[in-house]
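# Overview (structure and organization)
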Amino acid sequence: MIDRLPLRSRVCLIWLISTLCLIGQTNPPLRAAEVLLQEDFENPAEPSFAHRAIRHERIDYAPHGGADGSAGIRVRYEGFERGSHRVVVRYPLSAPVEMATLSFDVLFEQDFQWVRGGKLHGLGSARPITGGKTRVPSGWSARATFKADGHIATYLYDQNPTKKYGVGATSEAAVFNRDQWHHVTLQVQLNTPGNADGLSRVFVDGELAVETKGIAFRGIGGTDTAIAQILFSTFHGGSELHWAPVDERGEPTTVHARFDNFKVTSKLVTP
């Protein structure tokens, strides 16, 4: 068929086909379970999620404090009148996606107090909604929370205008023990804009702990509403003193947890 075209037309057609092939090569689609972020803290050089994390004033680099004696990080939860001081680090993923799985290892040290609960890490849009801020169509966030006595919960900022803070569900059983490494997996699938068909699941040590379905994370579509960054977010609270870890005199005190092996992939990966 091409042979029947005039020479000039054949040259133009071949150039067009070659150009389209090059575009496909330079902008390949995401493959199954593509890794969007991975951090084991063995080389916390700039630029990296590790480098940004250890610059936080309440995060210490632990060369042998990670899982199996590897490198990791240690967080200081410093109690005060609103729980414990916020430890928040945000870092972009390598590509925006509609579904993703975040996993990490955590060890709550022997001094740790879960008290009434507090935040753990998650995923968010380019401009996530957290901290009781007004919900907007393009913003959302999905995190886990630790709860009293070592339970875990989903904590989701969706499009419900009647809610000020995050919504979710709590595990029926306690899943955390002190002084023991646990593997946490958070799955997030965004909703189709205009529908409440998003979901979030949390697994602990390979077992499904809690699931929340029927979530309208976002009100509109577009790249700005996709899963775009990891939300490293951990603290007690709450907004009152009774959320804070305290010493034997009832005064706010400092407790610790360690983290290692963060990974975000572009699919709902079940541990």
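Please read all numbers here as calculations on a predicted model, not as lab measurements.

### What about the overall build of the chain?
Helix and strand counts for the chain come out as two helices and 14 strands. When contacts within the chain are restricted to residue pairs at least 6 apart in sequence, those whose partners lie at least 24 apart make up 71%. In the structure as shown, the chain presents an accessible area of about 13,300 Å², 51% of it carried by carbon and sulfur atoms.

### Things to note about the sheet that holds strand β5 (residues 87-97)
Working definition: the strands of a sheet are paired by backbone hydrogen bonds and lie parallel or antiparallel to each other. Read across the open sheet, the five strands follow the order β5-β13-β7-β8-β9; overall the sheet is antiparallel. Taken across any chain shown, the strands that pair with only one partner, and hence form the sheet edges, are β5 and β9 (152-157). Put simply, the sheet's adjacent strands are angled 20 degrees from each other on average, direction ignored. With six bridges connecting them, strand β8 (residues 141-147) and β9 associate as antiparallel partners. The partner of A142 across the bridge, within β9, is L156.

### Thoughts on the packing of aromatic side chains
Taken as a whole, this structure holds 19 aromatic pairs when the rule is applied. Ring geometry for F49 and F232: centres 6.2 Å apart, planes at 55 degrees, overall tilted. Separated by 183 residues along the polypeptide, F49 in helix α2 (residues 49-54) and F232 in strand β13 (residues 227-236) bring together distant segments of the chain. An identical accessibility class is assigned to F49 and F232; each is buried. An aromatic cluster is present here, built from F41, F49, Y91, F104, F232, F259 and F262 joined pairwise through their rings. Sitting above the plane of the W243 ring, R116 keeps its charged end 5.0 Å from the centroid. Above the ring of Y155, the side-chain terminus of K119 is found at 4.9 Å from the ring centroid.

### Side note on the confidence of the model for the chain
For the chain, the average pLDDT comes to 90, and 88% of its residues sit at 70 or higher. Every residue in residues 7-28 is under pLDDT 50, and counting partners more than four places away or in other chains gives five contacts.

### Structural notes on the side chain of T145
Within the element layout of this structure, T145 appears in strand β8. What T145 contacts, discounting residues up to four positions off in sequence, is G118, K119, L120, H151, I152, A153 and Y155.

### Side note on the nonpolar core
Judged by nonpolar contacts, the single largest core of 53 residues is most densely connected at I152, F176, F232, F259 and F262. Take this core: its biggest share by element is six residues, from β5.

### A look at the environment of F146
As for its position among the elements, F146 is in strand β8. The exposure class assigned to F146 is buried, which follows from its relative accessible area of 0%. On a C-alpha basis, the gap between F146 and K119 in space is 6.2 Å, while along the polypeptide they are 27 residues apart. Not counting residues up to four positions away in its chain, the partners in contact with F146 are F108, F112, W114, G117, G118, K119, L120, H151, F176, T234, F235 and H236.

### Quick notes on unusual backbone geometry
A cis geometry characterises the amide bond from E46 onward to P47, with omega recorded as -5 degrees. On the secondary structure map, P47 appears in the loop between β1 (35-39) and α2. In this model, G237 is joined to G238 through a cis peptide bond whose omega is -20 degrees. Within the element layout of this structure, G238 appears in the loop between β13 and β14 (254-265).

### Points about the pattern of salt bridges
Inspection of the entire model under this criterion finds 11 salt bridges. Between R74 and E109 there is a salt bridge, with the nearest N and O atoms lying 2.7 Å from each other. Of this pair, R74 sits in strand β3 (residues 72-80) while E109 sits in the loop between β6 (99-108) and β7 (117-124); the two residues are 35 residues apart in sequence, bridging distant segments of the chain. One salt-bridge network, in which partners are shared between bridges, spans E57, R58, D60, R76 and E78.

### Considerations on the side chain of T212
Tracing the backbone through its elements, the reader meets T212 in strand β12 (residues 207-215). Of the polar contacts made by the side chain of T212, one reaches the side chain of T154; its length is 2.7 Å. For T212, the contacting residues outside a window of four places in its chain are T154, L156, G168, A169, G198, L199 and S200.

### Some thoughts on the environment of E240
Looking at where E240 falls in the secondary structure, it is placed in the loop between β13 and β14. For the pair E240 and E81, spaced 159 residues apart in sequence, the C-alpha to C-alpha distance is 5.7 Å. In this view, E240 contacts E81, R82 and G83; residues no more than four positions away in its chain are not counted. Within the structure, E240 has its side chain in polar contact with the side chain of H242 (distance 3.0 Å).

Conventions we followed
Residues numbered from 1 in each chain as written. Predicted model: local features only at pLDDT ≥ 70, side-chain atom pairs only at ≥ 80, totals over all residues. Heavy atoms only, no water. Helix = DSSP H or I, 4+ residues; strand = E, 2+ residues; numbered from the N terminus. Contact = heavy atoms within 4.5 Å. Areas by Shrake-Rupley, 256 points an atom, 1.4 Å probe, with all protein chains shown as cover. Pairing = 2+ DSSP bridges. Axes fitted to C-alpha atoms, helices over the stretch in contact; angles between N-to-C directions. Phe/Tyr/Trp six-rings, centres within 6.5 Å; stacked < 30°, edge-to-face > 60°. Buried < 20%, exposed > 50% of the residue type's maximum accessible area, 1.4 Å probe, protein only. Lys NZ or Arg CZ within 6 Å of the ring centre and 35° of its normal. pLDDT = per-residue confidence, 0-100. Core = buried A, V, L, I, M, F, W, Y, C linked by side-chain atoms within 4.5 Å. Salt bridge = Lys/Arg side-chain N within 4 Å of Asp/Glu carboxyl O. Polar contact = N/O pair within 3.5 Å; in protein donor to acceptor, adjacent residues only side chain to side chain.

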